[in-house]
Amino acid sequence: MRRIGAAAAALVLAGTVLGAGATTAGAAPTAASRATTCPTGWGSGTKGGVAAGAVPLEDIRTGRHDCFDRMVFDVPGGGGHIGYYIRYVDRLHQDGSGRYIPVAGGAVLEIRVAAPSYEPESGAPAYPGRVARPLPGVDIGGYRTFRDTRFAGSFEGETQIGLGVRARLPFRVIQLPDRLVLDVAHSWTSRR
């Protein structure tokens with residue numbers, strides 16, 4: 001009798017251990033399914049097409065998201081067709097002068113927005129950027145992807161910005177009424 005009782009106890013104990021392992025294994029996919037699925041397929045190649053703008057740039061702001069860091073260019077009155085040209089470059093050079101502007105980070109995005117930083121009729125500043133300085137009012141401290149911002153000036157109706165990022169990562173551009181949105185992914189994978 002004792003042998004049967006001992007055998008039964010051993011089976012119950014073994015079943016408890018196996019059951020606990022199954023529960024742990026079953027819990028893993030549930031935790032993984034809660035991870036944010038991030039968009040992929042944006043690529044890191046040049047995007048856009050620039051047409052000179054007559055409506056001035058009013059503001060540049062940034063935001064942090066689960067899958068990407070975002071930069072927004074506000075161009076009130078720009079409609080939904082704000083020209084742009086965005087690409088990775090080895091070094092940022094100011095349009096017109098060719099002046100080198102250092103930008104910190106593992107990679108540099110050159111951003112050209114078809115909106116001058118000045119009022120076309122009067123030449124008065126519309127956006128308070130200063131050449132080779134960080135973007136005014138933009139604090140990217142604590143961002144996962146953004147590392148540095150530099151204003152490169154306006155030339156022939158375009159405003160040029162340097163954006164330092166952690167590495168050469170995929171990005172996308174979204175046209176919205178009165179603004180242009182640039183998202184740079186935190187990674188090439190589809191999970192946060």
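Residues numbered from 1 in each chain as written. Predicted model: local features only at pLDDT ≥ 70, side-chain atom pairs only at ≥ 80, totals over all residues. Heavy atoms only, no water.

This part takes up the sheet that holds strand 3 (residues 68-74). The strand order 2-3-11-10 describes an open sheet built from 4 strands, whose pairing is antiparallel. With one partner strand each, in any of the chains shown, strand 2 (59-64) and strand 10 (171-176) form the two edges of the open sheet. Strand after strand, the sheet turns through a mean of 20° between neighbouring axes, direction not considered. Where strand 2 and strand 3 come together, 6 bridges link them in antiparallel fashion. Note on strand 3: the bridge partner recorded for Arg61 is Val72. (Pairing = 2+ DSSP bridges. Helix = DSSP H or I, 4+ residues; strand = E, 2+ residues; numbered from the N terminus. Axes fitted to C-alpha atoms, helices over the stretch in contact; angles between N-to-C directions.)

Moving on, we come to the sheet that holds strand 1 (residues 47-49). Read from one edge to the other, the open sheet built from 5 strands follows the order 1-4-7-9-8, with strand pairing classed as antiparallel. With one partner strand each, in any of the chains shown, strand 1 and strand 8 (146-155) form the two edges of the open sheet. Going across the sheet, the axis of each strand differs from the next one's by a mean of 25°, ignoring polarity. Bridging between strand 7 (residues 107-113) and strand 9 (residues 158-165) involves 7 bridges; their strand directions are antiparallel. Each residue of the ladder has a partner; that of Glu110, found in strand 9, is Gly162.

It is worth spelling out the pattern of salt bridges at this point. Under the criterion given, the structure shown has 7 salt bridges. With a closest N to O distance of 2.8 Å, Arg87 and Glu110 form a salt bridge. You can see Arg87 sitting in strand 4 (residues 84-89) and its partner Glu110 sitting in strand 7, a full 23 residues away along the chain. Looking at Glu110, the relative accessible area reads 3%, which means it is buried. Linked by salt bridges that have partners in common, Arg87, Asp95, Glu110 and Arg112 make up one network. (Salt bridge = Lys/Arg side-chain N within 4 Å of Asp/Glu carboxyl O. Buried < 20%, exposed > 50% of the residue type's maximum accessible area, 1.4 Å probe, protein only.)

Moving on, we come to the packing of aromatic side chains. What the rule picks out here adds up to 4 aromatic pairs. Judged by centre distance (5.8 Å) and plane angle (40°), the rings of Tyr127 and Phe151 are tilted. One end of the pair, Tyr127, is in the loop between strand 7 and strand 8; the other, Phe151, is in strand 8, with 24 residues separating them in the sequence. Each member of the pair, Tyr127 as well as Phe151, is classed as buried. Taking NZ or CZ as reference, Lys47 lies 3.9 Å from the ring centre of Phe171, over its face. In this structure, Arg91 is placed above the aromatic ring of Tyr100, and the distance from its NZ or CZ to the ring centre is 3.7 Å. (Phe/Tyr/Trp six-rings, centres within 6.5 Å; stacked < 30°, edge-to-face > 60°. Lys NZ or Arg CZ within 6 Å of the ring centre and 35° of its normal.)

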